[in-house]
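Take a look at the letters that make up each chain.
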Amino acid sequence: MLAAVAYTMLARERTRLARTWTTPNCHRLATVATKRHCPVRIGGNHACLFPASACPVSPTVPSATFRFLVFRWRPIAAVLLFAMVFGRPVAADSPDQASTQEQTWQIFAGTGKAQGDSADQPSSPKSVCLPNVYGVEVAADAIYLSTIDDHSIWKMDLAGTKIERFAGTGQAGLSGDGGPALQARFRAPHEIRADRNGDLYVADTRNHCIRKIDGRTGIIQTIGGDGVAGSRGDGGPASQARFDQPHSIVLDGQGGLLVADTKNHRLRRIDLKTGTVATVAGDGKGKLPVDGALANEVSVFGPRSLAIDAESIWLVLREGNSVWRIDRSAGTIHRVAGTGKQGHSGDGGHPLQATFRGPKGIAVDSQGALLVVDTENQALRRVDRRKNVIETLDTGFQLKRPHGTAVRRGTDADVYFLADSENHRLLAAERKHREGDRADQPN
């Protein structure tokens, strides 16, 4: 950017000078300029950045304008030199795109406005309103989004060329079980998850329940919670249990659905075959876990987002300002990132020494790195588990309370998605794999 500014200044100055440099200048002035005023000198010799026709020491520069030109050109040269040495390439080809050193972020869906056209019919993703987009789920053949302000679920093709309403009428409520999901009502649905059959699970947060949409028939059912906030039901049918603002869900690959029962400070599991519910972690107390203890014997402070892989359940504690890992084989829980205190620090250092402010989203990329949405810091952070280093990713956009994140995994590159919630848009960027990135062992 600095280089562009300098070259623009240079072009304008050359045009102006071409109109004024009309009389010969004495060699004495050129000699003085070479020794004292040339913007760039190497080993005492003239090494000007500019073409001979535009150089301040050119014998065609009129003496009357020489002193003015010297001091006018020096800041241009300084800007250009700074850009060449310290600048980084930043290409913002349009308001929809921003480049960084490792990835180019772009607006993948949403107009950025809270009101506007809705995708009640197949539409271009960038032409529709996504009011307070929250959950993001990448399935085998589609991307699903939830929007809080209009209580809806959307389905988009992987290429980002078409989006349409998948569930919800746009009105708040709790209705529709046994019928088409398009006629059902939600109340601020948060995170969503798809299984291999194309079924979609929804954390219907402010209805305090979990719902399932059959991918083949489009029929919706409530599978957990009775619509009333509370804490009860372990060991019995999940449909009769009570949750309190469940924000996140994730399929565990073993026939269960894990639920971040946020206000109850618990992690619970619904057995999708038997329909029963049980607590996996948390005792209902709002405090941080004991590092290394059994997960079913500790507190979990405000669980907000879940992710999973073969070895671990990843748990973001919003009130606890930290990220934790439950070892799936040992059943123990371990702090991975964040001190538990509020802040925005630690980039370039060990994740355990970093601070967050109200983190609310998490995903795992194909290299084993964690993406953590640091919501109240308006940031997306990446934890490299192999190097044990945390960084704040530069999206190039001004974020406003981002929430959900997801990864489309690829052989040579991943695509990162970020719900820029209160800017009403979904951002995306491709990140190419680098040698040595893979984190084979959990930390």
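Along each chain, the written sequence defines residue order, and numbers are assigned to residues from 1. pLDDT decides what is reported in this predicted model: residues at 70 or higher carry local features, side-chain atom pairs at 80 or more are listed and counted, and totals for whole chains, interfaces and linings draw on all residues regardless. Derived side-chain values reflect all non-hydrogen atoms in the structure, with water molecules and hydrogen atoms excluded from consideration.

Going by what an unreviewed UniProt entry lists, the protein chain is known as Teneurin NHL domain-containing protein and is assigned to Roseiconus nitratireducens.

A. Representation of the overall build of the protein chain. Per the convention used, a helix needs a DSSP run of H or I reaching at least four residues, while a strand needs a run of E reaching at least two, with both numbered from the N terminus. From N to C terminus, the protein chain includes three helices and 27 strands. Exposed residues in this analysis have more than 50% of their type's maximum accessible area, buried residues have under 20%, and partly exposed residues fall in between, with area computed by a 1.4 Å probe over protein chains only. Expressed as a percentage of its 443 residues, the buried residues of the protein chain come to 50%. Contact definition: two residues touch when any of their heavy atoms are within 4.5 Å. Summarising the internal contacts of the protein chain: among those between residues at least 6 apart in sequence, 46% fall at separations of at least 24. Carbon and sulfur atoms make up 49% of the accessible area of the protein chain, which totals about 19,700 Å². All accessible areas in this document rest on Shrake-Rupley with a 1.4 Å probe, and a residue is counted as covered only by the protein chains that are shown.

B. Region of the structure containing the sheet that holds strand β14 (residues 256-261). DSSP bridges decide pairing: two strands pair if at least two such bridges lie between them. The strand order β13-β14-β15-β16 describes an open sheet built from four strands, whose pairing is antiparallel. Each edge of the open sheet carries a strand with a single partner, namely β13 (246-251) and β16 (277-281). Neighbouring strand axes in the sheet, compared pairwise and without regard to direction, differ in orientation by 30 degrees on average. Sheet analysis places β13 next to β14, joined by five bridges and oriented antiparallel. The residue of β14 that forms the bridge with Ser248 is Ala260. Axis lines are fitted through C-alpha atoms, for helices just across the contact stretch, and the angle between N-to-C directions can take any value from 0 to 180 degrees.

C. Local environment of the pairing of strand β23 (residues 379-384). Judged by how many residues are buried, β23 sits mostly within the fold: six of six residues are covered. What you see with β23 is no split at all: Ala379, Arg381 and Val383 on one side and Leu380, Arg382 and Asp384 on the other are buried throughout. Pairing of strand β22 (residues 370-374) with β23, which is carried by five bridges, proceeds in the antiparallel orientation. Looking across to β23, one finds that Val372 is bridged to Arg381. Counted between consecutive antiparallel strands, the loop separating β22 from β23 contains four residues, among which Gln378 sits at a positive phi close to 55 degrees. Of the strand pairs in this sheet, β23 and strand β24 (residues 389-393) are connected by five bridges, and their pairing is antiparallel. Along β24, the bridge assignment pairs Arg381 with Thr392. Here β23 folds back onto β24, and the loop between the two strands holds four residues, one of which, Asn388, carries a positive phi near 55 degrees.

D. Looking closely at the sheet that holds strand β5 (residues 133-138). Strand order in the open sheet made by the four strands is β5-β6-β7-β8, with antiparallel pairing throughout. The sheet is open, and its two borders are formed by β5 and β8 (163-167), each paired with just one other strand. Averaged over all adjacent pairs, the angle separating strand axes in this sheet is 30 degrees, with direction ignored. Taken together, the five bridges between strand β6 (residues 143-147) and strand β7 (residues 152-156) define a ladder with antiparallel strand orientation. Paired with Leu145 across the two strands is Trp154, which belongs to β7.

E. Structural view of the pattern of salt bridges. The term salt bridge refers to a side-chain nitrogen of Lys or Arg lying within 4 Å of a carboxyl oxygen of Asp or Glu. All told, the structure shown has 24 salt bridges when counted by the stated rule. The partner of Arg269 in a salt bridge is Asp271, and the shortest N-O contact between them spans 3.8 Å. For Asp271, a relative accessible area of 21% translates into the label partly exposed. For Arg382, the salt bridge identified is with Asp365, shortest N-O distance 3.2 Å. With Arg382 in strand β23 and Asp365 in the loop between β21 (361-364) and β22, this pair connects stretches of sequence that are 17 residues apart. Asp365 gets classed as buried once you look at its relative accessible area, which sits at 1%. By sharing partners, the salt bridges in this structure join Arg304, Arg318, Glu319, Lys360, Glu376, Arg401 and Glu422 into a single network.

F. Inspection of the packing of aromatic side chains at higher detail. Ring pairs shown here join Phe, Tyr and Trp side chains whose ring centres sit within 6.5 Å, with only the six-membered ring taken for Trp; geometry is labelled stacked below 30 degrees between planes, edge-to-face above 60, and tilted in between. Evaluated as defined, the whole model comprises two aromatic pairs. With a centroid separation of 5.3 Å and an interplanar angle of 80 degrees, the aromatic rings of Phe108 and Phe417 are classed as edge-to-face. Note that Phe108 is positioned in strand β4 (residues 104-109) and Phe417 in strand β26 (residues 413-420), a separation of 309 residues in sequence. Assigned by exposure class, Phe108 and Phe417 land together as buried.

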